[in-house]
Structures are given as C-alpha cells and as structure tokens.
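Listed below, chain by chain, are the residues.
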There are 4 protein chains.
Amino acid sequence: MTNEENKPDWKRKLYKIIYHTDTPAGKLFDLVLLVLIIASILLVMVESVESYANKYGTFLNIAEWIITILFTIEYIARVITINNPKKYIFSFYGIIDFLSTIPKYLSFFFIGSHSLVALRALRLMRIFRILKLARFIGASNNFIRALRASRVKIAVFLSFVIILCVILGTVMYLIESGEDSGFTSIPRSVYWAIVTLTTVGYGDIAPVTSLGQLIASLIMIIGYGIIAVPTGIVSAEFATQPNTDAKAKKAIEEPETKTCPGCLTSDLRKKAQYCYVCGAEVK
Amino acid sequence: MTNEENKPDWKRKLYKIIYHTDTPAGKLFDLVLLVLIIASILLVMVESVESYANKYGTFLNIAEWIITILFTIEYIARVITINNPKKYIFSFYGIIDFLSTIPKYLSFFFIGSHSLVALRALRLMRIFRILKLARFIGASNNFIRALRASRVKIAVFLSFVIILCVILGTVMYLIESGEDSGFTSIPRSVYWAIVTLTTVGYGDIAPVTSLGQLIASLIMIIGYGIIAVPTGIVSAEFATQPNTDAKAKKAIEEPETKTCPGCLTSDLRKKAQYCYVCGAEVK
Amino acid sequence: MTNEENKPDWKRKLYKIIYHTDTPAGKLFDLVLLVLIIASILLVMVESVESYANKYGTFLNIAEWIITILFTIEYIARVITINNPKKYIFSFYGIIDFLSTIPKYLSFFFIGSHSLVALRALRLMRIFRILKLARFIGASNNFIRALRASRVKIAVFLSFVIILCVILGTVMYLIESGEDSGFTSIPRSVYWAIVTLTTVGYGDIAPVTSLGQLIASLIMIIGYGIIAVPTGIVSAEFATQPNTDAKAKKAIEEPETKTCPGCLTSDLRKKAQYCYVCGAEVK
Amino acid sequence: MTNEENKPDWKRKLYKIIYHTDTPAGKLFDLVLLVLIIASILLVMVESVESYANKYGTFLNIAEWIITILFTIEYIARVITINNPKKYIFSFYGIIDFLSTIPKYLSFFFIGSHSLVALRALRLMRIFRILKLARFIGASNNFIRALRASRVKIAVFLSFVIILCVILGTVMYLIESGEDSGFTSIPRSVYWAIVTLTTVGYGDIAPVTSLGQLIASLIMIIGYGIIAVPTGIVSAEFATQPNTDAKAKKAIEEPETKTCPGCLTSDLRKKAQYCYVCGAEVK
C-alpha cells in the first residue's frame, strides 16, 4: 500500500486502465487489445499464405511492425505500472506476451526466426481473460466439479488408452512391417493405433494384410465402444452428486430425536424440553 | 380487419389456402408444394451429374422451367394475398423463395448464374414448416430447455475448441512447414487441426515428422477426451433440473408450523399441544 | 388343433425340433443350424478372396453345395411341418431362407448370379432369434422404452441432419465445383457433407479452396457439436422417467388426510375413525 | 506358513521387496522396475526406426542386453523367492515377463526372432499393477458396477454391430466389386463397413458408384446415430441405480408402527395414543 502512495499519479491511473476492466477506460483498453490480438493473428495467417505474402509482402511487413511496436509499448507499460514487475514478467501471460513480441526484433539478427511470430497465436488465450469466458464455464459449477472429481479417472482412462495404443501398435508393427503399408517403425505404428482408436483415421497408414485388418477392426470397435467411457465417467459424477446432495439434505432434515418418558412419543426434537404430546418435562 | 373486409373474396380464399394448413385445400396445397420442392432438388441434383445432364439435358431444362414457373406463381400469390406484402417479402422464407426462383430467369442474361439454381436447396427448410417438424422437437421441452440453458456454455466450449485449433495449427505449421505434408500455410494447418480434433481426419493433410505425429496424437486424444464435454454440459442441465423439482417438492411438503404464545418459539409442529421449549399449552 | 390331430406323428415331432428350442433335440438343431450358417458365411467370404478361390476352388464349390443342400432340406422341412406353410414362406425369415438357398441353383442357368450367394449373410440375423439376443436387450426395458419414446425425435434429428447435408453439400458444390477436388456433382457433394458431418472423413473428396475449407471446418464443428444431441435425447428420456416414477410414488405416498374436530390434529388418515392424539371420534 | 519357516532369511527379505510394495525397499524396487520397463519400450521403439538403428545400432544392442539381463535376474528372483513358483510362472504376468525376456536370447539361434522383443510392450501392463491404477478406477464403484451390469447389453450391441457390418459389407461387395474401389473381397468389404460404421474412415477403400455412396451414407448416419447407444446403456445403469437407492432409503425412513390391542390394527403410528379404528387406548 505504502508503495501505492509514493507511486506517481499517472502510473496509478495507467495501472487501473491496464489491469482493471471495470472502468470505462479499462474496458476500452481491453477492447482495443482484443482487436489488436486478433488482427495480429490474421496478419500472421495471411502472411503464411505464400501467394498473399508475395503480393502484399511490404504492406504486411509494415502492419506487423506497427502491431509489434504497439505490443512492445503495452508490454513496457504493464512492466512499469505494476508494483513488483517480476510477478508479471514470469507470470503465464507475461511470458506469452514477451514471446509474442520479441521474434519480430530477432528477425533482424537471425533469418527465419521471424516465423516464430506465429507464437503470437498463444496470445489468443488472453481472450479468455478479457472476455472472462472462464466465468461462463465457471457458472456451471456442477460441471466443473464433475470434471474435477473425475479428473483422476479420466487421466487413468487416457493412460490406459495410450498403453493400449503402444501394445496394439507394436503388435501391428510385427504383423505389417513386412508390407508396404506405412508401418515402417513402432512409433509410427503407435501413432497409427492412436489415429485409429480415436476414430480419426487419416488413411496415410492403413493395414493391408488380412490379419492386420482384422486387428484394426478390433481396435476400431474397441475405440467405438469406449467412446462412452469418458462421457460415462463425467455423467457418473453428475449421477452421484444428487445422491450426495440428497444425503446432505437428509442429514439436515433428520434431526436427532429423543423419546418422551411420559407418552413415549419417539420423535421429540433434541432441544425439546417438554413433550409436545403430553407436555411432560423431558430432561 | 377492415383491410380484410374490402379484400376481394377470392383473395381471402387463396390466402387461407396458402397460409393456413388446417383446411383440406390448405393441406393439399402444402403437400403439392412439398412434392414440388423435393422434385426441384432432385432435378438440380440430377442436372449436376454431367452424364445425365448430357443425356436428358433438354428434358431437365423443360422440367426445371415448369417448376420455376410454378414457384413464380406461388411467389406472386403469396405476395398479393397477404395483407402487407413487405412482411412476407423480407421474411426469412420470403427471401429464400425469391432466391430459389430468380436464378433461372437470370440465366438468360448471365451465363453460369444458372448454377445458382442450386440455392433452391434452401427451400428444403420449408419442409420443417410444412411438416411442423419443429413441433416434434418442441415436444421435448426438457431437451430444448437444456440446450437453451447450456447454449452459452456450448458457445464458450466451441470458441475454446477453435482457439485451441488456431494455436495447435500454428504450432504444427512451425514444425511441419518444412516437410512436404500439406502444412503449406497457417490457415491450412488450422483447418487440419479442426479436421483432427473433430476426429474427421481426411488424410489430405497429415504430419510426417515424428514431432508432428506426436503432437497430432496429443490433439487426437484431447479431441477424443473432450467429445464428452458437450454431452456432459447438456446432461448437466438434465441432471440439475430434477434438483429444482426436488426443491419445489420440498417447499410443498414442508409442514406448517405454529408459534408458542408463551416463548414465541416459532417452529412448533402443527399437531403440537405443548410448546417443546417452555411447556406452555398451545391451542 | 384338429389340424394337429390328423397330422402324422413324425411331422409333429419334427415341428417341435425345428420350431421349438426348449427340447434337447431342438437345442441341438439350433446349434447345428447356427454352426452351418456361420460356416456358410465364412465359405462365401473365403470364396470372394481371389487367391483362395483359385487355390481351393473345387473344395469350396463342393462345401457350398453340401451347405446349400442342407439348407434346402431345412427349408423344405420348415415348409411341410408347419400348419399353414404360407405364414412361414412369406415371413421375414422365410424369405431370407429362400433367398440364401436359391442362388446356388440359379448359378446353373445364369452365370454370375452365383455371387448372390452372398445374400446368405442375411441369415446371420437368425442368430438373434436362435441366441434370443433380443431378450438381453429387451431386459433393459428402460433403455428400450427410452429409445421408443425418443424415436420420433431421433427421426426428426436425422432428417434435420440430412437436410443440412443437402444444403451444405449444394453450397460446397457451388464453391468447389471449379477445382479438381472431387466435388463433381451435387449428389457427390451431399455424400461428402454426410461423410464430414458424421466425422467419418474418407478424404477421397476434400475441399482445396480456402472458402471451401472454411465451410468444411464449420460443418465439422457442427457435426462434432451435435454428436451430443442423440445421446442427449436418449438421456433426456432416462432423465424424465425417474421424474414420472417419483410423481407416481408421491401420489401413492400422499394419503388424503382429515382433521380432528377435538385437537385439530391435521394428519389423520382418511380411514381413521378416532383421532390418534386425543381419541376424539371423527366422522 | 511352515514353508515360510524353513525358508532362508534372505529369501523372505527378497520376497518382501519384490512382491510387497508397502516397504521402502519394495517401493524403490517397483520404481526401478517401472523405469526399466519404460526404458526397454523406448529402446525397442527407437531401434525399430531404421535411421536410428543404423546410427546407434551397437549402443542400442548393448543397452538392450543390459536390460534383458536385468529382466532375467528379476525373473529368476521372482521364481526362487515365491513359495510355489508354478503359481507365478503360469500366471498372466509370469508369462508376459517370460515372453518379454526370452526373445533376445533366441535371437542367437533364430534370425529375425529378435523383433519379438517388441512383445516387451506387454510389460507396460505391469504399470497398472505397480501404480495400482486399477484402484483409482475401482474408486468409481458406481461406474464399474454400471459397466458390469451393462456388459451383456454392450456385448449384444457389439455383436449386433458386427453382424450389421457383415451384412452391409456383403451388400457393398455385390455393388462395388465391379469398380476399382478396393472392394476386392467380402472380408475387405466387411472391414470397410467397420471402418465406416465406427466413423474412422481411412479412405483406402471408398465407394465410387452412386448406389454405393448412397448405402455408405446410410451406414454413416446409422453409425453416427447409434454412437449414443453404448453411452445410453451405461447411463441407463446410472439412471436406474438412484431409484434402487431411493427404495432402500424409503425402507429405512418408513416409520415403525405398533399394533392395537383392541382390534389388532397393525399400522398404528409409533406416537398414536388411541387406535384410529376402534378408539381403544394404546400404550
């Protein structure tokens, strides 16, 4: 706080604008930033298309320099306005901001390093922060809780899938390695197994032997069958939560009772001092 | 209504036939229209197949002219019979009807514009209105409500998927752009990421480098894992609805209470004859 | 029944064996039949593989004749033993049995008609009857009821999917027809749209234009998003059934009550003649 | 136990280390084993990549020999320390351990048999035992119970899918066998049907005739539609379980009753002081 005091006024103002979103100025800043980020992504995309790169090369280059400079200014502003800059610089977003700004400068010294500008795509993640999208998801607490509760199971499930792919891929390698069907190495075979089990199926690698196709069919049917599992796990959490709720509710509704010595009324409340039926005093 | 009065009788009749479906004539009109629409679609389809186009060219052309004229008559009828034509003309269906009728005429003046006849496919949407299919879906109010309730979450989920694809696509571009594996530009790489994450997997673009295949595998497993999410979100809504019901029921079942005149204890049971706190008799 | 009387004894016995499965003989018959069916399928499969067909041609041919004759005997037995043969002959299984037996004989007169022997695969459906697999599924009445209850919605959903594919396919045709990317006709484009929306993705047809790939991406994400819908619909039924059960139970549990004129106890049972609190007589 | 007695001390110690995981030494042993297994898999994978095999051939060979020897020692240790070795040797893991150790030795006598080293991938399954991953899954008893309860239905469902594929594959063979579209034999066609129904879609085999593509579309939509079924079946179990719980709870909550001495009415409430039928006083 004291730090806040002896901090020049403009800094505090700027800080508010950059890091807070509740003020009009802050909202505007975020909006501009959002537009800039998307624009920069589009720029990088367009530039990566050769035909465009050749046509509008110079224009794209200039535009990119402008954006890079704007990002640089933003980065510096973020660093100087915050109380302890280290916190920002080494934060997740801080690193991304740095990585998405520096490559353009590097392209002076190292040829090719420019293509790293593509890393700018990572800035897209800031959209979540700006639009507070997380909040919407967060709204579905049930869902998040279910996901969190089942994260171990899902991890186990995925590790199981991967192990399955390693084993099946190896087996397929033993079967198909002879043929000219792309199973040139175990890693490739494992890759193929994943492609198949997840029902993606590129077809760049595909079994040709009868036995290979038989096993492939098994993998597909397994994959098709266990698609239900993640859904099932998550649904399971949903299915079980009501139960827990019910239990909780039951606990609340079910007050401990005591019996009236006079009329043996059995459902007196714990705190009752007199039986509500016969009025007898109950200790 | 006054407008209705000074409207010639035949117009009112025609209006009933075209816009109402409860009269026998209306039902017949809809049926004929339905058949015509499907016929026109089939015509356009058949015509697009070169071999057929060459064989039955003239016949197809005539048939199409007939349908076009019928559609024109329908369109005009709709315009003149309705009270304020603007409302229809600029309505969703009005525009579709117009777009699906006009191209054939344009084909006189502009060569090639004929192919726009294909837009006629949009008229298929009228099927929903004619068969009132929406009603059937609407029947499952629960389902619709669940979808509506979770539409924000689904939107967020999809935007998350898209951002993920942009980032992963860009990364893959940095890795694979050197190879001859179709990752010629970032947009294409993003396209590939979507193809992969949605487990479609054409195989027209597929990674060849080990690192590329490793990341591709990750994308597939992510895509395979998060297939559960939309289902989970929707199911979540279903799962939560019963809860609300339960609450409502609870509220109803909650027993009425009465207050003790002596100590003002407020939660005496309806049937209590003595206050369980002070033992005072309560009537 | 009278018909049963004047029916020779051996016929009645044979009928029991063929049509009933509760007797040991009947069980044996079904088992043999099952083996024969599977054997016949394997035969047809093996024969369709050229290399094998050339090697073991004669053997396969003999084996097939044996099975054909056995099937013929079975068919005749079924016809003569049943009371009104028409019922069987024109029944679903009767037609399948006929179709799976006759082609081999036709192969005398018409060359090539032999390949129709493949229709024998249809006999596989008899497995369901023999193993009474339906029963297992039937066991999950809830599930069947849910499916039946939601069959209209699923039909609507599928018709919606198909219409969507027709429209999107047509649009893609307008975009891609110029390129050499397989979108040679609208039917093919629609076929492609289905291949894409169902996330099958062969890749024999794939967009090459940027706009085409953009729309393709949209289709994929739609397809990926609405995979949840059928599940959602079915789950919806499950979700709603408990509710109805609950309601039913509630109705049962909720007995009408009357109030005691003496002590105003409010929850006397309908059939109570005396208040259980004060003993006052209640009319 | 007596067996335990006259067993040398070091054996008992070693046994504890190898077969128990609760001691520090046991934990260490498992950890080392885990690392070794993963290392061995990576070795086999790397070796299967030709380029690496050529470069680091000798190093890889040595490394593999080391691991093989370590595995051999482990195997022997497991055999001699356990009370009745047969139990281990012919156990599931025992066989896997043997199969993953022996091929390297065989490679002396039989050329090529070395590639069987890939079988070592099977040892990955030991990870489940070491990490006790099963436990995590086991934690979700509900889920396991649901899976077990619905295993028959899933089996029936899969068999139904397979039969469907056989039939559709055969039909496609009859349609497409003429064309040059890969439907060279029924087995291949069935394989294609599975590839399509599971939405994998390699595209190495794809219909070219209009009729073939029509049927293919049907298969895809069926496959897309019945993806819900396994999920539905499993969810069904979840949906039904709460009901049973509810029943159980109801039984518990059911209030104890007492019998009227006068008219033997059996369902008097616990707190009733007078029989509501005959008005007799009940203590």
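These figures come from a predicted structure and were not determined experimentally.

What follows is about the overall build of chain A. Regarding its fold elements, chain A presents 14 helices and 2 strands. In chain A, which comprises 283 residues, the proportion classed as buried is 47%. Looking at chain A as shown, the accessible area adds up to about 13,900 Å², and 70% of this sits on carbon and sulfur atoms.

Right, let's get into the UniProt feature "transmembrane region" (unreviewed entry) in chain A. All names here are of chain A. Here the UniProt-annotated "transmembrane region" (unreviewed entry) positions come out as residues 28-46, 58-82, 102-122, 154-175 and 214-240. Taken end to end, residues 28-46 has its terminal C-alpha atoms 27 Å apart, with 100% of it in helix and 0% in strand. For residues 154-175, the end-to-end C-alpha separation is 31 Å, with 100% helix and 0% strand making up the annotated structure.

This part is about the nonpolar core. Soluble, globular proteins show a tendency: their nonpolar side chains are buried together. Core analysis: the biggest nonpolar cluster contains 204 residues, and Trp192(A), Trp192(B), Trp192(C) and Trp192(D) have the highest contact counts within it. Apart from residues lying up to four places away in sequence, Trp192(D) is in contact with Tyr202(C), Met172(D), Phe183(D), Ile205(D), Ala206(D), Pro207(D), Ala216(D) and Ile219(D).

What the rule picks out here adds up to 24 salt bridges over all chains. Across the salt bridge formed by Arg123(C) and Glu74(C), the nearest N and O atoms sit 3.0 Å from each other. Of this pair, Arg123(C) sits in the loop between helix 7 (102-109) and helix 8 (125-130) while Glu74(C) is found in helix 4 (residues 50-81), placing the two residues 49 residues apart along the sequence. The same class applies to Arg123(C) and to Glu74(C), which are both buried. One continuous salt-bridge network, built from bridges that share partners, spans Glu74(A), Arg78(A), Asp97(A) and Arg123(A).

Turning our attention to the environment of Val161(B). Residue and element names in this part refer to chain B. By secondary structure assignment, the location of Val 161 is in helix 10 (residues 151-176). Linking Val 161 and Asp 30, residues 131 residues apart in sequence, is a C-alpha distance of 42 Å. Sequence-distant contacts of Val 161, that is, excluding residues within four places in its chain, are made with Leu 197 and Ile 226.

A few words now on the environment of Ile163(B). Tracing the chain through its elements places Ile163(B) in helix 10. Given a relative accessible area of 9%, Ile163(B) falls into the buried group. Spatially, the C-alpha atoms of Ile163(B) and Ile76(B) are 47 Å apart, while their sequence positions differ by 87 residues. Sequence-distant contacts of Ile163(B), defined by excluding residues within four places in its chain, comprise Leu124(A), Ile127(A) and Phe128(A).

All chains considered together, the criterion is met by 24 aromatic pairs over all chains. With a centroid separation of 5.9 Å and 50 degrees between ring planes, the pair formed by Tyr75(B) and Phe98(B) is classed as tilted. Placement of the pair is Tyr75(B) in helix 4 (residues 50-81) and Phe98(B) in helix 6 (residues 92-109), with a sequence separation of 23 residues. Its relative accessible area of 38% is what places Phe98(B) among the partly exposed residues. Chaining the aromatic ring pairs together yields one cluster made of Tyr75(A), Tyr88(A) and Phe98(A).

Right, let's get into the packing of helix 3 (residues 24-48) of chain A against helix 4 (residues 50-81) of chain A. The geometry of a pair of packed helices is captured by two quantities: the angle between their axes and the separation between those axes. Residues and elements named next belong to chain A. Contact geometry of helix 3 with helix 4 gives a least axis separation of 9 Å together with a crossing angle of 150 degrees. Regarding the angle of helix 3 to helix 4, the classification is roughly antiparallel. For the element pair helix 3 and helix 4, the recorded crossing hand is left-handed. Contacts from Phe 29, Leu 33, Leu 36, Ile 37, Ala 39, Ser 40, Leu 43, Val 44, Val 46, Glu 47 and Ser 48 of helix 3 reach helix 4 at Glu 50, Tyr 52, Ala 53, Leu 60, Ala 63, Glu 64, Ile 67, Leu 70, Phe 71, Glu 74 and Arg 78. Grouping the constituent residues of the contact of helix 3 with helix 4 by class yields 15 nonpolar, 2 polar and 5 charged.

All right, on to unusual backbone geometry then. All names here are of chain C. Positive phi, normally seen in glycine, also occurs at Thr 199, with a value near 60 degrees. Within the secondary structure layout, Thr 199 lies in the loop between helix 12 (186-197) and helix 13 (210-226). Judged by relative accessible area, which is 1%, Thr 199 ranks as buried.

With that settled, the discussion passes to the environment of Glu179(B). Positionally, Glu179(B) belongs in the loop between helix 10 and helix 11 (186-197). Once the C-alpha coordinates of Glu179(B) and Glu47(B) are considered, the two residues, 132 residues apart in sequence, prove to be 41 Å apart.

Where nonpolar side chains cluster on the molecular surface, the patch consists of Ile62(A), Ile66(A), Ile69(A), Leu70(A) and Ile73(A) and spans about 450 Å² of accessible area. For Ile69(A), a relative accessible area of 42% puts it in the partly exposed group.

Attention now goes to the side chain of Thr209(A). Residues and elements named next belong to chain A. In this structure, Thr 209 sits in the loop between helix 12 (186-197) and helix 13 (210-226). Note on Thr 209: relative accessible area 16%, which makes it buried. Here the side chain of Thr 209 touches Glu 176 through a polar contact of 2.5 Å, side chain to side chain. When residues no more than four places from it in sequence are discounted, the contact partners of Thr 209 are Ile 175, Glu 176 and Glu 179.

The next subject is the confidence of the model for chain A. Residue and element names in this part refer to chain A. With 70% of its residues at a pLDDT of 70 or more, chain A has an overall mean of 76. Contacts for the low-pLDDT stretch residues 241-256, under 50 throughout, to residues beyond four places or in other chains number 16 contacts. Scored as a whole, the predicted complex attains pTM 0.75, and scored at its interfaces, ipTM 0.72.

Next up on the list: the side chain of Thr101(B). All names here are of chain B. Locating Thr 101 in the fold gives a position in helix 6. Look at Thr 101 and you get buried, because its relative accessible area is 7%. At 2.5 Å, the side chain of Thr 101 forms a polar contact with the backbone oxygen of Asp 97. Those residues within four positions of Thr 101 in sequence are excluded, and the remaining contacts are Thr 68, Phe 71 and Thr 72.

Rules and cut-offs
- Residues numbered from 1 in each chain as written.
- Chains lettered and ligands numbered in written order.
- Predicted model: local features only at pLDDT ≥ 70, side-chain atom pairs only at ≥ 80, totals over all residues.
- Heavy atoms only, no water.
- Helix = DSSP H or I, 4+ residues; strand = E, 2+ residues; numbered from the N terminus.
- Buried < 20%, exposed > 50% of the residue type's maximum accessible area, 1.4 Å probe, protein only.
- Areas by Shrake-Rupley, 256 points an atom, 1.4 Å probe, with all protein chains shown as cover.
- UniProt positions renumbered as here; feature names shortened; annotations may be inferred.
- Core = buried A, V, L, I, M, F, W, Y, C linked by side-chain atoms within 4.5 Å.
- Contact = heavy atoms within 4.5 Å.
- Salt bridge = Lys/Arg side-chain N within 4 Å of Asp/Glu carboxyl O.
- Phe/Tyr/Trp six-rings, centres within 6.5 Å; stacked < 30°, edge-to-face > 60°.
- Axes fitted to C-alpha atoms, helices over the stretch in contact; angles between N-to-C directions.
- Parallel < 35°, antiparallel > 145°, perpendicular 65-115°, else oblique.
- Left-handed = near helix turned anticlockwise from the far one by under 90°.
- Nonpolar A, V, L, I, M, F, W, Y, C, P; charged D, E, K, R; others polar.
- Patch = residues over 30% accessible without salt bridge, like charges linked within 9 Å, V, L, I, M, F, W, Y side chains within 5 Å.
- Polar contact = N/O pair within 3.5 Å; in protein donor to acceptor, adjacent residues only side chain to side chain.
- pLDDT = per-residue confidence, 0-100.

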